[in-house]
Every structure is written in C-alpha cells, then in structure tokens.
Amino acid sequence: MTRGTRTVRALENVLTPAKAQVLHDDAAVRGKWLTWALTDTDVEHRGKHVACAHEADRQGGTLRPGALAANTLNDLRAMLPTQLTRRDRTGVLPCRGTCDSTTPSGPANGFGSPTNDRLGMTETLRNTDLCTQYADPVGRLLTIGETGSYDPAKWPDYVVNFGLAREHVAALACMVCDAALNRANTDSSEVWAPMHAWRALGQLGVQEAIAPLLGFLRTSENDDAVSEELPIVFGMIGPAAVPHIAAFLSDRSNPTSPVATAMAGLREIVARHPECRNDCVGILARVLEPHAASDPVVNGFAAWILIDLAAVEAIDVMRDAFRRRAVDLSLVGDEEDVEIALGLRKRRTTPAPSYHIGPPGWLDQPHAGGIQPGTRVLPQGGKVGRNDPCPCGSGRKYKKCCLQ
C-alpha cells in the first residue's frame with residue numbers, strides 16, 4: 001500500500017472579504033455546504049495564501065464561485081467569513097493542490113487539474129495549520145496507521161469501534177483533504193489518516209461526502225490507496241453518488257487516472273445496488289459517443305467497466321467507438337476481443353492486431369527500424385492489466401506508469 005503526490009494548477013476570480021461573506025451567507029440560506037479549501041502553491045499568486053470557495057451543484061460537480069488571497073495566513077484567516085473559526089472547521093477544507101475555475105465546457109469539481117505539469121509545478125503544499133487539530137473521535141484516526149489491505153471486509157468498523165457518526169462528516173472530509181496529513185512522512189501513522197477518514201465516510205454512507213471526495217480524487221493521480229479504495233467508498237455511499245460521478249466524467253479537464261477511478265466507482269455502486277445498473281451503463285456508454293470526444297485511454301477504461309458490467313446492450317456504441325479508432329486497444333483489445341468478452345462470439349474471425357511492447361518514444365528510436373509495417377507499437381504495453389507491473393520495467397503498476 002502506498003500514498004502518492006501530484007501536480008497543481010492556477011487560480012482566478014479573487015473575491016473581496018465582503019463578497020466572500022455574502023457568498024457564504026447566500027449558500028447557508030439556500031441550505032448548501034460551502035467549503036473553503038486552502039493552498040499556497042497557486043501559480044498566479046506566488047507567495048500568497050489562497051482560500052477557494054466550493055459549493056456542490058445540482059449535477060454533482062462543485063462550483064467554484066471565487067477565492068480569497070492574502071500575503072500571510074493570519075491575514076487570510078481574518079478575511080474568511082465570520083462563521084468560520086479555527087475550532088469550527090465545518091467550512092474549512094485544506095486541499096493538496098490549487099483551485100480551478102468553472103468553465104463553459106463542463107462543470108468543474110473545484111480542485112486543480114494536474115494538466116498544469118507543462119508549467120513545471122510539482123510543488124508540495126506546506127501545512128496551513130487550519131485543519132491540523134482533530135478532536136476525538138476523529139482524532140483517533142491519526143494513530144491507526146497502515147492496516148495492510150484494501151479489502152473492505154478487513155477494514156475496521158469505524159462507526160462501532162471509534163464512535164463516528166453523521167455529525168463528524170465535515171471533520172472527516174477535512175481529514176481526507178488535509179495537506180499536512182497527505183504529505184506526512186511515509187513511515188508515520190498520520191499519513192494513513194486520510195485513508196481511514198474516507199473509509200469512515202463510506203461506512204457512514206452520507207451523500208454530503210461525495211463532492212469533497214470527488215474534488216480530492218481529481219488531485220490524487222499518484223496514490224494507489226485512492227485508486228483502489230475510493231471506488232469502494234462510492235459503492236458504499238450508493239445511488240446518490242451516480243449523478244455526481246456522471247458530472248465528473250463529463251468534465252474533460254479531469255485527468256485520466258481519476259476518471260478511471262470514478263468509472264470503477266460506478267461498477268462498485270452497481271455491485272451493491274443492481275437497480276442502478278441501467279443508469280451506470282448509460283453514463284459509461286455516453287463517454288464513448290462521438291460528441292463526448294473522450295481520450296482513447298478514457299474510452300478504453302469505459303469499455304473495460306462496461307465489460308465488467310456485462311453490458312451487452314452497449315455493444316453498438318462500443319463497436320462504433322472502435323471503428324472510429326477512438327479506443328486504446330491496449331486496455332481491452334479490439335472490437336472482436338470485446339465481443340468475445342461479452343459472449344457475443346466464440347472466436348476471432350480476423351487476425352488479432354499485431355502489437356509490439358515498448359516504452360513511450362520507443363518507435364522513434366534507431367532500434368525500432370526492424371518493426372514490420374502495420375505493427376502497432378503500444379507505449380503502454382499490449383493488453384497489460386492496469387494493476388499489473390508496467391512492462392517498461394519501472395517496477396510501478398501499469399496504470400501508474402506508462403498508461404499515463
């Protein structure tokens with residue numbers, strides 16, 4: 001079990017303290033949960049502390065109405081809405097990346113996209129000390145440490161053993177996204193506290209946790225614990241998570257690995273709530289449609305989950321995607337492979353696609369001259385399982401290495 005890091009992105013739309021107060025008051029009147037995520041790694045406000053406002057929308061994304069910026073942390077604290085104090089953390093949510101504005105192309109989930117790697121911004125968020133003190137019973141999660149298994153059957157019963165309840169949801173969401181905890185020493189027990197917090201949120205099954213979890217997911221590309229366990233957590237939360245995940249998948253600015261994790265969440269929801277199957281199949285099928293313009297790797301993951309769901313009814317959409325060459329063949333094979341996997345044919349009638357496994361850029365090297373014409377060189381590795389060791393020899397999982 002490992003914990004990881006990720007990159008960050010820039011911020012826009014800075015608020016005045018007065019506008020921030022109005023924004024917070026308006027959300028309260030409408031019964032919305034407005035959170036303030038803090039960062040000090042914003043590209044356009046270097047050296048400043050920034051608090052970004054996040055509000056769950058009807059479609060399950062998270063609107064980002066604006067943000068506050070200050071030179072010092074104390075100045076930023078003074079600018080926050082008056083309802084928020086250090087000990088009243090229900091509206092303060094430190095994030096490990098920066099905030100992202102809502103764009104016309106789709107709903108934003110409120111956290112920065114790692115697509116900012118072109119700016120060279122792979123920075124570590126320093127401890128903002130706004131969410132570092134946790135009262136019991138939430139504070140007890142800081143001492144558990146690694147449990148050694150992603151199997152939910154082996155998770156502690158956080159409700160019974162630690163006395164966690166709905167009243168602790170805000171503090172648990174805060175712990176999931178706590179910068180200091182997620183960046184803690186890998187040998188410490190504290191670095192595992194966010195994992196215990198999201199497990200507890202899953203066991204509580206509260207829909208208020210969905211938007212913060214998806215916001216956290218978007219910024220968690222290199223964390224095996226996240227990709228293995230958040231789908232299970234979404235499954236535990238159940239049908240309420242489906243429209244939220246649908247909105248997450250519709251936002252094409254989301255990175256590939258978090259999108260794949262969200263898709264796996266749909267599979268886990270169906271496993272626990274079969275009545276949601278048709279809705280989840282429809283969401284995944286729409287990812288493959290031409291108007292979605294999804295990345296071929298994303299389409300490959302969508303086809304993967306559709307196969308897991310035995311979604312024979314989606315075969316026409318999948319066939320069309322393959323014929324448009326819009327699916328990465330390294331994930332599920334080609335059209336005939338998918339038909340075999342769904343039980344629609346027993347054997348191939350055409351030769352299997354010819355693959356040669358090589359790392360990114362391999363085809364451009366001098367030693368690639370001997371490859372036969374028509375052979376497809378896969379930068380990821382031909383039909384390697386996403387949890388298998390990467391064929392490039394890095395020692396990392398395929399989904400966390402060349403698949404990216």
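It should be noted that the structure appears before, not after, this text.
One numbering rule holds for all chains: residues counted from 1, following each sequence as written. This being a predicted model, a pLDDT of at least 70 is required before a residue's local features are given, and a value of 80 or more before pairs of side-chain atoms are given or counted; all residues contribute to the totals for chains, interfaces and linings. Here the side-chain values reflect all heavy atoms present in the structure, with hydrogen atoms and water set aside.

Engineer: Which residues make up the overall build of the protein chain, and what are the values?
Structural biologist: Each helix corresponds to a stretch of at least 4 residues labelled H or I by DSSP, and each strand to a stretch of at least 2 residues labelled E; elements are numbered beginning at the N terminus. Counting secondary structure elements, the protein chain contains 15 helices and six strands. Summary of the burial criterion: residues with accessible area below 20% of their type's maximum are buried, those above 50% are exposed, and those between are partly exposed, where the area comes from a 1.4 Å probe applied to protein chains only. Residues classed as buried in the protein chain amount to 56% of the 404 residues present. We call two residues contacting when some pair of their heavy atoms lies within 4.5 Å. When contacts within the protein chain are restricted to residue pairs at least 6 apart in sequence, those whose partners lie at least 24 apart make up 69%. Using the Shrake-Rupley algorithm and a 1.4 Å probe, accessible areas are obtained, with residue cover drawn only from the displayed protein chains. About 17000 Å² of surface is accessible on the protein chain, with carbon and sulfur atoms providing 50% of the total.

Engineer: Give me the lowdown on the packing of helix α4 (residues 169-176) against helix α6 (residues 193-204), citing residues and values where you can.
Structural biologist: In this analysis, axes come from line fits to C-alpha atoms, helices being fitted only over the stretch in contact, and the angle between any two N-to-C directions falls in the range 0 to 180 degrees. In the contact formed by α4 and α6, the axes pass within 8 Å of each other and the chain directions differ by 140 degrees. In the crossing of α4 with α6, the sense of the turn from one axis to the other is left-handed. Note on element contacts: α6 touches α4 through Ala 193, Pro 194, Ala 197, Trp 198, Ala 200, Leu 201 and Leu 204, opposite Val 169, Leu 172, Ala 173, Met 175 and Val 176. Ten residue types, Ala, Val, Leu, Ile, Met, Phe, Trp, Tyr, Cys and Pro, are classed as nonpolar, four, Asp, Glu, Lys and Arg, as charged, and the remainder, Gly among them, as polar. Considered class by class, the residues forming the contact of α4 with α6 number 12 nonpolar, no polar and no charged. Crossing handedness is read from the near helix: turned anticlockwise from the far helix by less than a right angle, it gives a left-handed crossing, and turned clockwise, a right-handed one.

Engineer: Lay out the packing of aromatic side chains in plain terms, naming residues and giving numbers.
Structural biologist: Classification of ring pairs uses Phe, Tyr and Trp, with its six-membered ring standing for Trp, and accepts pairs whose centres are within 6.5 Å; under 30 degrees between planes counts as stacked, over 60 as edge-to-face, and the remaining range as tilted. The full count for this structure, using the stated rule, is three aromatic pairs. Ring centres of Tyr 158 and Phe 162 lie 5.7 Å apart, and the angle between their planes is 25 degrees; this geometry places the pair in the stacked category. Within this pair, Tyr 158 and its partner Phe 162 are both found in helix α3 (residues 158-162), separated by four residues, close to a single helical turn.

Engineer: Tell me about the nonpolar core, and please be specific about residues and values.
Structural biologist: Here, nonpolar core means buried Ala, Val, Leu, Ile, Met, Phe, Trp, Tyr and Cys residues that are tied together by side-chain atoms lying within 4.5 Å of each other. In terms of nonpolar packing, the biggest core is built from 82 residues, with Trp 198, Leu 213, Leu 249 and Met 263 touching the most fellow members. The element that contributes the greatest number of residues to this core is helix α12 (residues 296-308), accounting for nine residues. The residues contacting Leu 213, other than those within four sequence positions of it, are Val 176, Trp 198, Leu 201, Leu 230, Val 233, Phe 234 and Ile 237.

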